[in-house]
Amino acid sequence: MPRQRRIRICREGVYYILVVVAVLAGGTARQLNLLMLLGSMLAGPLLFSFIYGRLALRRIEVGRKLPSQTRADQRLVVDVRVTNFRRWLTIWTIQVEDVVQREGTFEDPGEKLAVSVFYSAIAARETKQVSYDGRLPQRGRYRFGPLRVSTRFPLGLVRHSLLLEQNEELIVHPKIGRLANDWAQVVRESPTGSQSMSRRGLLEADFYGLRDWRPGDSRRSIHWRTSARRGSFVVRQFEQRRSQDLALLVDLWQPPEATDEQLENVETAISFVATVIDEACRQSGRYLVLEMAAHEPLCRAGTASPLFFREQMDALSFIMPHHEPQFPPSLGHAVALVPPSLPILLISTRPIDYEALREAAAERDVQLTDRSLRGVNVAGDDLAPYFQV
Amino acid sequence: MHSRQFEHLLRVMIAVTIVLATMLLGIGDRTATLTIVSLCALAVSAYVTDITGRFRLSQSAANWVALGIVAATAAGASQLERHGQMVAVANLQSYLQYVLLFQPKTPRTYWQLALLSLGQVAIASTLVPGPMFGGMLLLYLFAGTASFLLLLLDSEAARFVARPARVLSSWAASKSTSQRLAAHRAPVLFGRSMPNSRTLGWGLLQQATLICASSLLVTSALFFLLPRWNIQNRQVASGEALRSVGFAKKVTLGELGEVVNNADVVMRIQFLRSHSGRPFQLLNEPLLRGTVVTHYENGAWTQTSATSPEPLPDEEKSPFVRQHIWAEPLDVAELFCVFPMFALQRDSRLRVDANGDELVRQEDYRSQHVEFEIATTGIIEEKQRHFLPCEAPLKGRAKAALLQMPVAHPGQTDPFPGLREVAARALREANLDPGDHLAAARKLNEYLHGSGHYFYSLEPQSRDTALDPLEDFVTTHRLGHCEYFAGALVMMLRSQGIPARMAIGFKGGEWNPLGMYYQVQQLHAHTWVEVYLDAEHLPREEFASEDTPPEAAWMVLDPTEGVQEKAQAAQQNGLLARAWQYIDYGHVLWTNYVVGLNAKRQRQGIYEPLAQGVGAAIENLVSPRVWQDRFRVVANSPVGTFWEWYRDHWFSWRGGLVAAGFSLVLAALYLAGRWAAGALGRPGFRRTRYGDGRPVLEMYRRLEAALNQQGLKRQPSQTAYEFALAAGGDLAEKIELRRLAPLPRRIVEAFYRVRFGGRTLDNLEADAVEHALAELEHALARPR
């Protein structure tokens, strides 16, 4: 790990050095031994300050422990550990400064913050942990580091610092809000029935019990141990899950010169999508389709699982809105890819242009009237009954 | 809460620092007023400002008060002389401290208090010369260091109580983003501080001690290296009384009271071998003569005639011993040493009388500490001689003066009838002829010293005023101090026609084994007798070693000898005496190597010995001849002999110095090597761990092993990440393994973070990796 050392004389140190120089110069110029003695005596602690800091920062290890994942506005606690590997020497007044910066765009670089933790003393062969905490209100990628370890011990005259290129990243997922009770009805009220009984793989169902083999049963379902014990084939019986599958089509639009409200709408829309996915992934087996018209379009489909959830959250953490004025045809095209049984929820940060959607769907020979489609305009009041941040 | 704990301690230490500074100043100015006032101000301000908060000076009020004080002090100091001005400045610093004490305390206030006290110490250093300054300065260094330590801890700990993050670069959002939204979106982070443990106080004490000890090393090195070219010998201040030796060229019997039990130091003397320069202790007690008196009249001894002082003789005689003398400022010009003496080098401060009997310093140097080195032939084989060669035989009036006795005035009888009779009887009973001066003098000395008829006492004695004091001492009241003994012997000798005189000076002194010198105090004042022996009475065996025996000599006799020896032996054995020796040696070092360190002493006492020592030690280390000799000696000597030698020579400061220097050089080379290796980017071999401490490489090996089950092997051209992506693609192509496809990538990402990112995985991440590995191993291990 690269280390850079630096020594900086503090303001107090400058004053102190001036006093020492004045006393030594006065003593030498006037040839006064006692004044020279006093000057020498004052120079001792100064020199000690220069040496001690260098020694103190030598055999230590500093580490930062970030949480594996966090969400915007969630309380973030970062542990900073300092280990003193020395056999005898206690190190004093250690300050560790961490730099936190959100990875922004060229136009919108994130704010760079330096947050410090302080250790009054770390005994020999001891590890001390101090945390800094707070909130990161924006989703995205945050860079942590480098770490700067410094000490002003013993007299606060000189600051020795050690720069540790210990850089890490933390992906801050979108804020997860709360879905209202009405949300449950959104899917159920689907005219074509959003609740499907789809065939799933064997492992995607819950084990129910054992029964005798019947013709047509898969050989993979045979429970060999019980069959061997009984002398006849016995198969495992699974309970098919009833899933609430869903397709999310998102028009993440934002004008080039966005107002605060429009900026907030984008974040709200992303947060809503994240909340829906979070809700869906609470039970594995649900089938989700996510199509987002954004700066870089996103198209995902899969069965709800922690892995799926993590991947979608990661994607939502970085997604940026598009600035195209016309309704994105890709959403209409995506309707064709959605199984007809799936209800579609169309979320937009502007009033939905159903005509454009219909035309785009028609290009793929799909009639919207055959589909269960519900539109939510985040910029309007559509979201209020379902979702709260 | 912990911050308050430090603040209380800090206040105490700052108060100690302030008091010590005023005490230092008080020692220099000979007044304790400032210290007392400071103590009062500290106590009052602690109560009304710090504890109860009833009275606090605002910043502006404090500024006005301080301005007023400065103006008043400047007006008053302008009419003072230099010393007074310095004291006024020091007082001004105290007044400013009082103003600060009544202000609310911040780290800045404490800094200002500390700096003001430092200014006072700086002024005190120009006023206080004594070793007490050194001791106080050490205390001040400790208190100051502890104060700064506490100040740092207090301010740092207070700063870190929920300290908000510092903005390094401001938010530069898009143009449409308002400040409100920017602020709303800005991260909010707070730094924290570790709670302090209760053991910090003890640790701080240790640290302060360590810093002070280290600082003292630096102090010593820097102080001794600073250039000197014109260090002035300190003058005793005009108001300071000079130390009195109680007698000079006139000794009146019964007036010795003022020097009795007076422990004031008169001088220190060190005897050094002429060739090696090594100090040694005399086998007998040294008799340091100041002057001689010959004329006795009415109970008082005086010199017959004064002679004009001359420069010291510089003709070298051998064998000789060097006398290194540090003389305190005294009220007399006489200096004390072993006679006969001659100068080793010209010294304009010293003079000797025409007869060579008296060493004096020039009048200008009486009020100064004088250090000088002269030689003497009066010491042979570490023992002071009892026979001192006389430059030239005494004749005529000079010899007659040594036989002077008080004359009987008209109408009076002989003042010493009893004394004459006692002397004559003593010789008669010993069948000694008074013409045999040597034997007669020894017999009379023995009579006073060892007959048991005369007793030593420093107590004032009642005397028969009708009689001469010496006659009374010899015949009636046989109790007295050294002046009675010596005076009586001189008179007894003269009564028998033997020329003699009384020598005045000091006997013995406290031998200091640390500094290898004698410390001579007032209470060591002594008188003894010098008997003149011409050629016919000289004991030739005493001068057998000399090429040309002298034509006349002085025989030294001390009739009070023995009495003081017992008292001094008892005095030197006590613990207190030992402690006093340490203190006195510290005083000597302070006087010579701190206050009086001048260019010459710096060169002779520090640079030259250091250079010689280092040179000799290096020679000892690298010279093949020396090593050959050493091995030869060791090889040829019995083991016991070697150990005997080793026991006496196991430590040499020069060798130690060179060894320490050599070790430092080695350490510097080692550090430089390490630094160079670091600078060249040599990677360290540090075992990176993850999660619960398992080596990180194991993570990747398990992944590779699991994938190998499916025939997936990393190509030499592939990185681990590329391999994971390729393996994920292969897994995704198989329906039953598709769910495992992202796992290799995720595992390798975690592996990269730990292996190359230098971080450790938290428990959740470690569990996820472990779970993914287990799933892969389980799924891929099954036959398909």
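Given the structure is predicted, the values throughout are model-derived calculations rather than measurements.

1. Examining the pairing of strand S4 (residues 75-84) of chain A
Residues and elements named next belong to chain A. Residues Leu76, Val78, Val80, Val82 and Asn84 of S4 are buried on one face, while the alternating residues Arg75, Val77, Asp79, Arg81 and Thr83, pointing to the opposite face, are not. Strand direction decides the pairing type here: strand S2 (residues 60-65) and S4, joined by 6 bridges, are antiparallel. Residue Gly63 lies in a different strand from S4, and its bridge partner there is Arg81. Here 10 bridges tie S4 to strand S7 (residues 126-135), and the two strands are oriented antiparallel to one another. Paired with Val78 across the bridge in S7 is Tyr132.

2. Section: the sheet that holds strand S14 (residues 359-361) of chain B
Residue and element names in this part refer to chain B. With antiparallel pairing, 3 strands are arranged side by side in an open sheet as S11-S14-S13. A strand with exactly one partner marks an edge of an open sheet, and here the two such strands are strand S11 (334-335) and strand S13 (350-352). Sheet analysis places S11 next to S14, joined by 2 bridges and oriented antiparallel. The residue bridging Leu335 from the neighbouring strand is Leu359, located in S14.

3. What about unusual backbone geometry?
Residue and element names in this part refer to chain A. Cis geometry is adopted by the peptide bond preceding Pro146, which originates at Gly145 and carries an omega value of 0 degrees. Note that Pro146 resides in strand S8 (residues 140-151). The omega torsion across Phe153 and Pro154 is 5 degrees, close enough to zero to call that bond cis. Within the fold, Pro154 resides in the loop between S8 and strand S9 (158-164). With a phi angle near 60 degrees, Arg125 is a residue other than glycine that sits in the positive phi range. In this structure, Arg125 sits in the loop between strand S6 (112-122) and S7. Under the C-beta neighbour-count criterion, Arg125 is labelled exposed, with 11 such atoms within 10 Å. A positive phi angle, close to 60 degrees, is found at Asp365, a residue other than glycine.

4. Comments concerning the confidence of the model for chain B
Residue and element names in this part refer to chain B. Across chain B, pLDDT averages 81, with 86% of residues at or above 70. Every residue in residues 235-239 scores below 50 in pLDDT, and together they form 5 contacts with partners more than four places removed in sequence or on other chains. A low-confidence stretch, residues 682-689 (pLDDT under 50), is modelled with 9 contacts involving residues beyond four sequence positions or located in other chains. Interface predicted TM-score (ipTM) for the complex: 0.71; the corresponding pTM is 0.68.

5. Points about the environment of Pro417 of chain B
All names here are of chain B. With respect to the secondary-structure elements, Pro417 resides in helix H10 (residues 417-429). Residue class for Pro417 comes out partly exposed when judged on the 14 C-beta atoms lying within 10 Å of it. With 58 residues separating them in the primary sequence, Pro417 and Thr475 have C-alpha atoms 9.4 Å apart.

Calculation criteria
Residues numbered from 1 in each chain as written. Chains lettered and ligands numbered in written order. Predicted model: local features only at pLDDT ≥ 70, side-chain atom pairs only at ≥ 80, totals over all residues. Buried ≥ 20, exposed ≤ 12 C-beta atoms within 10 Å, placed from the backbone. Helix = DSSP H or I, 4+ residues; strand = E, 2+ residues; numbered from the N terminus. Pairing = 2+ DSSP bridges. pLDDT = per-residue confidence, 0-100. Contact = placed C-beta atoms within 7 Å.

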